[in-house]
Amino acid sequence: MEDFGISQETADALYADGISLAVSIALSIIGALIFYFVARAIIKKLLIGLRRFLERRDDSPSLNEFLYGFAKILLYAILIVGVLMILGVPGSSFLAIFGAAGLAIGLALQGSLSNFAGGLLILAFKPFRVGDVIVAQGHTGTVNRVQILYTHLMTFDNQEVIIPNGSLANSDIVNMSTQETRRAEIKVGVAYGTNIKKAKEIILNIFNNDPRVLQDPAPFVALQNFGDSSLDMVVRVWAKSSEMWPVYFDGMEAINTEFEKAGIEIPFPQRVVHQIKEKAAEEEANS
């Protein structure tokens, strides 16, 4: 070493420092490896326990998958940070990186974050479930899938409507599947001069003899309005939710058939126009 201008004492010190650094690095690597394998085994056990817990606690597959995936990402992120910190990377660096990345992602994905938050609210509070019939955002259909960003709705004419969860969580939702029974309301117009009592008896007889119609509450018929061309009657009957629409459509057809048999007219809109002939009026006035 003296040939290179380095004294023996300096060479010994450098050698000792090198050995110390190598040992320190080796111990850090060994510690990081031990931490990695032990922590990974613990994470696997935790994830298995979490999945079993979620399956026992909640019957919502969408929420279960989201919580499981989120927990998995979080635990493995902690594992990676722990390994790097054991290797000597300062924790403040991670905080700065995560903070800057979070700000950039938040600004770039404002709409998606709104949908994400809406998805969390929907999955947590469950205003509807897969299979429910709902009215939302101007669409009516059956809920097909509930994802973290979007809800998929199948309309009755077999079209798929994909609704952002941000809009869905902040608007009115009508869920038609939560109650066992529903009320059907039918509007019927009859001509002026019709015997209302007879028309009511015909309508009540139709629905009282329909086994799908509930008798508690009993079918209800009343004169609702004096229209321009008709006496407007309202019919209200209760049925099971699954049978409400068949009761409605069959009832409309039966009312029309029975009214025809009884000679009761269902009028169409009409106007009576009185025309005054000016010339005839003048001649009559002069005579």
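Details of the structure are given in the entry above.
Model, not experiment: these values are computed from the prediction.

Quick notes on the rules
Residues numbered from 1 in each chain as written. Predicted model: local features only at pLDDT ≥ 70, side-chain atom pairs only at ≥ 80, totals over all residues. Heavy atoms only, no water. Helix = DSSP H or I, 4+ residues; strand = E, 2+ residues; numbered from the N terminus. Contact = heavy atoms within 4.5 Å. Pairing = 2+ DSSP bridges. Axes fitted to C-alpha atoms, helices over the stretch in contact; angles between N-to-C directions. Core = buried A, V, L, I, M, F, W, Y, C linked by side-chain atoms within 4.5 Å. Buried < 20%, exposed > 50% of the residue type's maximum accessible area, 1.4 Å probe, protein only. Expected span 1.5 Å × (residues − 1). Arc of directions from axis to C-beta. Polar contact = N/O pair within 3.5 Å; in protein donor to acceptor, adjacent residues only side chain to side chain.

**So, the overall build of the chain**
Then, in step 1: Secondary structure assignment for the chain yields eight helices and eight strands.
Then, in step 2: Long-range contacts, defined as pairs at least 24 residues apart, comprise 61% of the intrachain contacts of the chain with a sequence gap of at least 6.

**A word on the sheet that holds strand β5 (residues 173-175)**
Then, in step 1: Strand order in the open sheet made by the five strands is β4-β3-β2-β1-β5, with antiparallel pairing throughout. Lying at the two open borders of the sheet, with one neighbouring strand each, are β4 (160-164) and β5. Sheet twist, expressed as the mean angle between neighbouring strand axes with direction ignored, is 40°.
Then, in step 2: Across four bridges, the pairing between strand β1 (residues 133-136) and strand β2 (residues 139-146) is antiparallel. Residue pairing in the sheet places valine 135 in a bridge with threonine 140 of β2.

**What to know about the nonpolar core**
Then, in step 1: Core analysis: the biggest nonpolar cluster contains 22 residues, and Val190, Ile203, Phe207, Val235 and Phe259 have the highest contact counts within it.
Then, in step 2: Elements with a contribution of two residues or more to this core: β6 (181-190), α6 (196-208), β8 (231-240) and α7 (244-262).
Then, in step 3: Sequence-distant contacts of valine 190, defined by excluding residues within four places in its chain, comprise Ile196, Ser230, Leu231, Met233, Phe259, Ile264, Glu265 and Pro267.

**Looking at α6**
One turn of the α-helix equals 3.6 residues, which is why residues spaced by three or four share an orientation.
Then, in step 1: With 13 residues, α6 should reach 18 Å at 1.5 Å per residue; the first-to-last C-alpha distance of 18 Å fits that figure.
Then, in step 2: Taken together, the buried positions of α6 are occupied by Ile196, Ala199, Ile202, Ile203, Ile206 and Phe207. Axial view of α6: buried residues confined to an arc of 130°, hence all on one face.
Then, in step 3: Taken together, the buried residues of α6 touch β6, β7 (220-226), β8 and α7.
Then, in step 4: Capping the start of α6 is the job of one residue whose side-chain oxygen sits 3.1 Å from the backbone nitrogen of lysine 197: asparagine 195.

**Comments concerning α7**
Then, in step 1: With 19 residues, α7 ought to run about 27 Å at 1.5 Å a step, and its terminal C-alpha atoms sit 26 Å apart, in line with that.
Then, in step 2: Within α7, burial applies to Met244, Val247, Gly251, Ile255 and Phe259. For α7, the angular spread of buried residues about the axis comes to 85°, placing them on one side. Facing away from the buried side of α7 by over 90 degrees, the exposed positions are Glu253, Glu260 and Lys261.
Then, in step 3: The elements touched by buried residues of α7 are β6, α6 and β8.

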